[in-house]
Amino acid sequence: MRDSVYKTARLAIYEKQDAGEITESQRDQLFAMLEAQKEASELTDDKIKEFFDELSDKYPDCSDDIEKLAKKLAKCGDDEEEKDDDDDSDEEVSESVRELMKMIESL
């Protein structure tokens, strides 16, 4: 959830309470639901790993390329991490994986 959407929703909840359209109890319930939705939409390392694991299971022909892509993305977020000698994530990602990522982005 984008921060601007989150802030707008919080403001709308306060405005509804100020206008007398909702009670304080309902406001608290709405805030709890909003927080849960925000938390569920945040991208964590575990969610990213799970995503790539699911991709590998769904597209076993591309599992090597998916693993390379996952390593490349992990390196982007880890600038201080030293490069492993046996790390072959610098290899070119195949066209099939690029097509797969385009399909995912279009969902």
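Above: the structure in question.
Model, not experiment: these values are computed from the prediction.

1. Focus: the overall build of the protein
Right, on to step 1. Along its length, the protein carries five helices and zero strands.
Right, on to step 2. Ordered by position from the N terminus, the helices and strands of the protein form the series α-α-α-α-α.
Right, on to step 3. The buried share among the 107 residues of the protein stands at 18%.
Right, on to step 4. A fraction of 39% describes how many contacts in the protein between residues 6 or more apart in sequence connect residues 24 or more apart.
Right, on to step 5. Split by element, the accessible area of the protein, about 8,500 Å² in all, is 49% carbon and sulfur.

2. Some remarks on the packing of helix α1 (residues 3–18) against helix α2 (residues 24–41)
Right, on to step 1. As a packed pair, α1 and α2 sit with axes 10 Å apart at the nearest point and diverge in direction by 170°. Comparing the axis directions of α1 and α2 gives the class roughly antiparallel. The residues of α2 that touch α1, namely those facing Tyr6, Ala9, Arg10, Ile13, Tyr14 and Gln17, are Glu24, Arg27, Leu30, Phe31, Leu34, Glu35 and Lys38.
Right, on to step 2. Broken down by class, the residue content of the contact of α1 with α2 amounts to seven nonpolar, one polar and five charged.

3. Regarding the layout of surface pockets
Right, on to step 1. By volume, the largest pocket is sized at about 310 Å³.
Right, on to step 2. The wall of the largest pocket is formed by Asp45, Ile48, Lys49, Phe52, Asp53, Ser56, Ser63, Ile66, Glu67, Ala70, Leu73 and Ala74.
Right, on to step 3. When residues of the lining of the largest pocket are traced back to their parent elements, those giving at least two are α3 (45–58) and α4 (63–77).

4. Looking at the side chain of Gln17
Right, on to step 1. Looking at where Gln17 falls in the secondary structure, it is placed in helix α1.
Right, on to step 2. A distance of 3.0 Å separates polar atoms of two side chains, one belonging to Gln17 and the other to Arg27.
Right, on to step 3. Not counting the four nearest positions on each side in its chain, Gln17 is found in contact with Ile22, Glu24 and Arg27.

5. Some words on the packing of aromatic side chains
Right, on to step 1. Taken as a whole, this structure holds two aromatic pairs when the rule is applied.
Right, on to step 2. Aromatic side chains Phe51 and Phe52 sit 5.3 Å apart centroid to centroid with 70° between the ring planes, which places their arrangement in the edge-to-face category.
Right, on to step 3. Residue Phe51 is classed as partly exposed on the basis of its relative accessible area of 31%.
Right, on to step 4. Over the ring of Phe31 we find Arg10, and its NZ or CZ is 4.5 Å from the ring centre.
Right, on to step 5. The ring centre of Tyr6 lies 4.2 Å from the NZ or CZ of Lys38, which sits over that ring.

6. A few points about a negative patch on the surface
Right, on to step 1. Residues Asp45, Asp46, Glu50, Glu54 and Asp57 make up a contiguous surface patch of negative charge.
Right, on to step 2. Position of Asp45 relative to the elements: it lies in helix α3.
Right, on to step 3. For Asp45, a relative accessible area of 64% puts it in the exposed group.

What counts, and where the lines are drawn
- Residues numbered from 1 in each chain as written.
- Predicted model: local features only at pLDDT ≥ 70, side-chain atom pairs only at ≥ 80, totals over all residues.
- Heavy atoms only, no water.
- Helix = DSSP H or I, 4+ residues; strand = E, 2+ residues; numbered from the N terminus.
- Buried < 20%, exposed > 50% of the residue type's maximum accessible area, 1.4 Å probe, protein only.
- Contact = heavy atoms within 4.5 Å.
- Areas by Shrake-Rupley, 256 points an atom, 1.4 Å probe, with all protein chains shown as cover.
- Axes fitted to C-alpha atoms, helices over the stretch in contact; angles between N-to-C directions.
- Parallel < 35°, antiparallel > 145°, perpendicular 65-115°, else oblique.
- Nonpolar A, V, L, I, M, F, W, Y, C, P; charged D, E, K, R; others polar.
- 1 Å grid on protein atoms, 1.4 Å probe; cavity = no way out; pocket = protein on both sides within 12 Å on 5 of 7 lines; lining within 4 Å.
- Points joined across faces, edges and corners; volume = space filled by probe spheres on them.
- Polar contact = N/O pair within 3.5 Å; in protein donor to acceptor, adjacent residues only side chain to side chain.
- Phe/Tyr/Trp six-rings, centres within 6.5 Å; stacked < 30°, edge-to-face > 60°.
- Lys NZ or Arg CZ within 6 Å of the ring centre and 35° of its normal.
- Patch = residues over 30% accessible without salt bridge, like charges linked within 9 Å, V, L, I, M, F, W, Y side chains within 5 Å.
- Salt bridge = Lys/Arg side-chain N within 4 Å of Asp/Glu carboxyl O.
- Lys, Arg positive; Asp, Glu negative; His and termini not counted.
- Charge placed at Lys NZ, Arg CZ, Asp CG, Glu CD.

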